[in-house]
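Residues per chain, in single letters:
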Amino acid sequence: MDENLREIVLGLVAAAITASAGWLARTSLWRRKLRRRQRFFGMPENSSCLLVVPKDPGISEWSVAPNDVFALLELSALIKECGARADVVAHDAARQGFGERTEFCLGGPASNRRMAAHLGSLLPGFSVIADGQRPVDFTVGGERYRAEKGAVEHVLLARLTGGQDRAEARPVFLICGQRSITNQAATRYLVRHHVRLARQYGRNGEFCLLLKVVNSEAYGPDVVELVADVTRAATTTPA
């Protein structure tokens with residue numbers, strides 16, 4: 001009886017040690033992933049970030065387009081995972097510099113005054129061309145990217161530090177789409193692929209990606225393809 005009891009006790013102890021080791025390993029892995037995410041987005045524990053929202057161009061009163069609201073919700077979940085907090089500010093009320101805290105800026109320059117300022121100072125090689133009532137066109141690197149509403153639309157996704165000390169400055173994320181649904185698509189792309197982007201460009205690296213949203217009329221913001229990395233062309237002042 002004593003021998004059986006000893007084997008049972010030893011089995012319970014071994015099971016407890018194994019479970020504890022597994023829990024510690026999973027916790028350590030989760031913490032490493034969290035730290036990488038916090039470094040890439042520039043949002044350590046208890047920090048704050050800025051969400052700059054545009055005005056819906058289709059409404060005379062100040063209002064945020066539904067797809068931009070959905071994009072803000074996805075960003076809010078990401079911010080919460082990092083243990084940070086967000087301040088939501090209208091585009092014409094965000095009168096401050098950048099680099100002190102992470103910023104997510106959504107919308108085109110026509111509906112977001114701060115986006116227009118960022119494009120002019122940080123991405124001189126990228127331009128937005130309005131063409132009457134149809135969605136705007138993008139030009140970068142000598143190429144013009146037209147939008148076919150509901151079929152093929154584009155959005156710029158950029159992570160920039162404005163030439164400041166990259167080890168200290170918090171990044172600015174620009175999400176500039178031809179329509180509001182493309183802003184949501186780029187936000188979802190960023191949330192889903194931030195691990196790969198961090199590996200490719202480094203935790204302090206800058207990038208400027210042109211994405212294509214395919215058949216949003218049928219698939220919404222879910223089908224997104226990478227068109228090109230336009231970092232060099234967008235950050236270079238054209239001759």
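Described in the following lines is the structure provided in the data block. This is a predicted model, so every value here is computed, not measured.

1. So, the packing of aromatic side chains
Then comes step 1: What the rule picks out here adds up to eight aromatic pairs.
Then comes step 2: Measuring from ring centre to ring centre gives 6.4 Å for Phe40 and Phe207, while their planes differ by 10°; the resulting arrangement is stacked. Here Phe207 lies in strand 9 (residues 207-214) and Phe40 lies in helix 1 (residues 2-41), a separation of 167 residues in the sequence. This pair shows no difference in class: Phe40 is buried, exactly as Phe207 is.
Then comes step 3: Seen from their ring centres, Phe41 and Phe104 are 6.3 Å apart, and the 40° between their planes marks the pair as tilted. Here Phe104 lies in strand 3 (residues 103-106) and Phe41 lies in helix 1, a separation of 63 residues in the sequence.
Then comes step 4: Classification of Phe41 by relative accessible area gives buried; the value is 0%.
Then comes step 5: Note on Phe104: relative accessible area 0%, which makes it buried.
Then comes step 6: Of the aromatic side chains, those joined through ring pairs into one cluster are Phe40, Phe41, Phe104, Phe173, Tyr201 and Phe207.
Then comes step 7: Of note, Arg159 hangs over the ring of Phe40, and the distance from its end group to the ring centre comes to 5.1 Å.

2. Section: a positive patch on the surface
Then comes step 1: A contiguous patch of positive charge on the surface is contributed by Arg32, Lys33, Arg35, Arg36, Arg39 and Arg199.
Then comes step 2: In this structure, Arg199 sits in helix 4 (residues 180-201).
Then comes step 3: On the accessibility criterion, Arg199 (71% relative accessible area) is exposed.

3. Some details on the sheet that holds strand 3
Then comes step 1: Pairing is mixed in the open sheet, where seven strands are placed in the order 2-1-3-8-7-9-10. Because the sheet does not close on itself, it has two edges, and the strands there are strand 2 (85-90) and strand 10 (224-229). Neighbour to neighbour, the strand axes of the sheet diverge by 20° on average, direction disregarded.
Then comes step 2: Note: strand 7 (residues 152-160) against strand 8 (residues 172-177), six bridges, orientation antiparallel. Of the residues in strand 8, the one forming a bridge with Ala158 is Leu174.
Then comes step 3: In the packing of helix 3 (residues 113-122) onto the sheet, the strands contacted are strand 1 (48-53), strand 3, strand 7 and strand 8, and the crossing angle to strand 8 comes to about 110°.

Criteria and thresholds
- Residues numbered from 1 in each chain as written.
- Predicted model: local features only at pLDDT ≥ 70, side-chain atom pairs only at ≥ 80, totals over all residues.
- Heavy atoms only, no water.
- Phe/Tyr/Trp six-rings, centres within 6.5 Å; stacked < 30°, edge-to-face > 60°.
- Helix = DSSP H or I, 4+ residues; strand = E, 2+ residues; numbered from the N terminus.
- Buried < 20%, exposed > 50% of the residue type's maximum accessible area, 1.4 Å probe, protein only.
- Lys NZ or Arg CZ within 6 Å of the ring centre and 35° of its normal.
- Patch = residues over 30% accessible without salt bridge, like charges linked within 9 Å, V, L, I, M, F, W, Y side chains within 5 Å.
- Areas by Shrake-Rupley, 256 points an atom, 1.4 Å probe, with all protein chains shown as cover.
- Salt bridge = Lys/Arg side-chain N within 4 Å of Asp/Glu carboxyl O.
- Lys, Arg positive; Asp, Glu negative; His and termini not counted.
- Charge placed at Lys NZ, Arg CZ, Asp CG, Glu CD.
- Pairing = 2+ DSSP bridges.
- Axes fitted to C-alpha atoms, helices over the stretch in contact; angles between N-to-C directions.
- Contact = heavy atoms within 4.5 Å.

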